[in-house]
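Close look at the chain arrangement
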Amino acid sequence: MAEATEIRKLVYLVTGGCGFLGEHVVRMLLQREPRLSELRVFDLHLGPWLEELKTGPVRVTAIQGDVTQAHEVAAAVAGAHVVIHTAGLVDVFGRASPETIYEVNVQGTKNVIEACVQTGTRFLVYTSSMEVVGPNIKGHPFYRGNEDTPYEAVHKHPYPCSKAQAEQLVLEANGREVHGGLPLVTCALRPTGIYGEGHQIMRDFYHQGLRLGGRLFRAIPASVEHGRVYVGNVAWMHVLVARELQRQTALLGGQVYFCYDESPYKSYEDFNMEFLGPCGLRLVETRLLVPYWLLMLLAALNALLQWLLRPLLLYAPLLNPYTLAVANTTFTVSTDKARRHFGYEPLFSWEDSRSRTIRWVRAVEGSAP
Ligand SMILES: NC(=O)C1=CN([C@@H]2O[C@H](COP(=O)(O)OP(=O)(O)OC[C@H]3O[C@@H](n4cnc5c(N)ncnc54)[C@H](O)[C@@H]3O)[C@@H](O)[C@H]2O)C=CC1
Ligand SMILES: C[C@@H](CO)CCC[C@@H](C)[C@H]1CC[C@H]2[C@@H]3[C@H](O)CC4=CC(=O)CC[C@]4(C)[C@H]3CC[C@]12C
């Protein structure tokens, strides 16, 4: 007991700690970071599940706050050794305005960096995204690429643009002097499409399939491959890189790492069927019935309707020109940089990731959409 309290001396802050990924990071830190003494969970909306975490050996502090408010961020960061910044506005459906997306993703990240500098926090891990690389607006495939693969990263959509700007700010901040005179050490993790327990889009597809009598309709050719990664492995990568950033500052500082695991390369829809299939849905082949030009037309129509209806209501379907372009462009990652730099191995095998996700979808069954 005395030994356990002796080594527990670190304070971590997780921004966005009540989101899909954030919750997994929080739980993973409590399970796998033995040096933790206090875990601060900062989010705009706090989850009730945080209460049950408050009984363990680590002090869990829930902080309701907004990353766009510099003073709230500085107060939360003060005294923390490590910040894991996962908070972000993930919107590719036109729910939020571009200004709001920039405010949260770019200004919010600036506030986190400045808070570290002012308060003397030295270690910052940023949750970036594969979207900072691509797919680009030209629809170029990125096939089994790694962190050094040349690719024309050209974006127009506010979400990838904001993530790219924020990532750049984080990487440029590496080496800045923080309060107390020591250098800030930063790095960025770039998950591909994350799946697992709590994945809202998977939940939406599941309910849509139930409404359609147990069917989903294939819209994207099966040959278009998507990189996907299990949320538990993404969380584990965050925990590990945060730990190793403190030990190997020169090697890890200023670096980017794709998040990867053993999940198979498949099309977005075929991959989802790995979980939705065992839950009773089937994927109906419609390629001959719904040609790509028709999908583009539907996507454009959705965008037009969104614009026309905006004064009256928020119309934000999954299909729009941007999501169609992303879904229809191959983007897969093949790298071992995280293993080489900080010894990352996936904690969950593909079989584990799959069965955990299926179990979660089954539990979602019957719950309101
Ligand atoms: N879901 C995915 O497939 C991927 C997500 N990412 C990144 O991972 C991070 C987490 O994403 P998800 O967990 O999927 O999203 P999420 O929406 O479930 O979680 C984001 C969390 O940030 C919080 N948040 C939003 N605005 C905030 C603000 N102004 N102040 C404080 N907290 C705020 C939300 O309340 C939410 O709890 C994001 O930075 C996202 O860009 C990267 C690659 C893929
Ligand atoms: C055409 C539709 C017919 O079924 C399918 C539409 C699927 C899309 C909603 C998704 C396809 C690819 C997804 C994105 C991808 O996984 C990369 C992402 C990374 C992020 O950082 C945030 C989420 C997302 C943009 C993800 C969003 C949903 C898709 C566009």
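By the naming in an unreviewed UniProt entry, the chain is 3 beta-hydroxysteroid dehydrogenase type 7, taken from Ursus americanus. Here is the UniProt Sequence similarities (unreviewed entry) comment for the chain, exactly as written: "Belongs to the 3-beta-HSD family."

**A closer look at the site of ligand 1**
As a structural note, the neighbourhood of ligand 1 is formed by 25 residues, with Leu-21, Asp-43, Asp-66, Tyr-159 and Lys-163 the closest of them. Within the side chain of Asp-43, one N or O atom sits 2.6 Å away from an oxygen atom of ligand 1. For ligand 1, whose accessible area on its own is 820 Å², the fraction buried by protein is 85%. Elements supplying a minimum of two residues to the shell around ligand 1: α2 (20-32), α5 (158-172) and β8 (193-195). Taken together, the residues that form the shell around ligand 1 break down as 11 nonpolar, 11 polar and 3 charged.

**As for the nonpolar core**
Counting 63 residues, the largest nonpolar core has Tyr-12, Leu-29, Leu-39, Ile-84, Tyr-257, Leu-276 and Phe-342 as its most contacted members. If one sorts the elements of this core by residue count, helix α7 (residues 231-247) sits on top with 10 residues. Once you skip the residues sitting within four places of it in the chain, Ile-84 turns out to touch Tyr-12, Leu-13, Val-14, Thr-15, Val-25, Leu-29, Val-125, His-238 and Ala-242.

**With respect to the packing of aromatic side chains**
Tallying each qualifying case throughout the model produces 15 aromatic pairs. Between Tyr-257 and Phe-342, the ring centres sit 5.0 Å apart and the planes meet at 90°, which makes this aromatic pair edge-to-face. With Tyr-257 in strand β11 (residues 255-259) and Phe-342 in helix α12 (residues 337-342), this residue pair connects regions lying 85 residues apart in the sequence. The exposure classification of Tyr-257 matches that of Phe-342, with both residues buried. Look at Phe-271 and Phe-275: their rings are 5.4 Å apart centre to centre, the planes differ by 70°, and that puts the pair in the edge-to-face class.

Cut-offs applied
- Residues numbered from 1 in each chain as written.
- Chains lettered and ligands numbered in written order.
- Predicted model: local features only at pLDDT ≥ 70, side-chain atom pairs only at ≥ 80, totals over all residues.
- Heavy atoms only, no water.
- UniProt positions renumbered as here; feature names shortened; annotations may be inferred.
- Near = heavy atom within 4 Å.
- Polar contact = N/O pair within 3.5 Å; in protein donor to acceptor, adjacent residues only side chain to side chain.
- Areas by Shrake-Rupley, 256 points an atom, 1.4 Å probe, with all protein chains shown as cover.
- Helix = DSSP H or I, 4+ residues; strand = E, 2+ residues; numbered from the N terminus.
- Nonpolar A, V, L, I, M, F, W, Y, C, P; charged D, E, K, R; others polar.
- Core = buried A, V, L, I, M, F, W, Y, C linked by side-chain atoms within 4.5 Å.
- Buried < 20%, exposed > 50% of the residue type's maximum accessible area, 1.4 Å probe, protein only.
- Contact = heavy atoms within 4.5 Å.
- Phe/Tyr/Trp six-rings, centres within 6.5 Å; stacked < 30°, edge-to-face > 60°.

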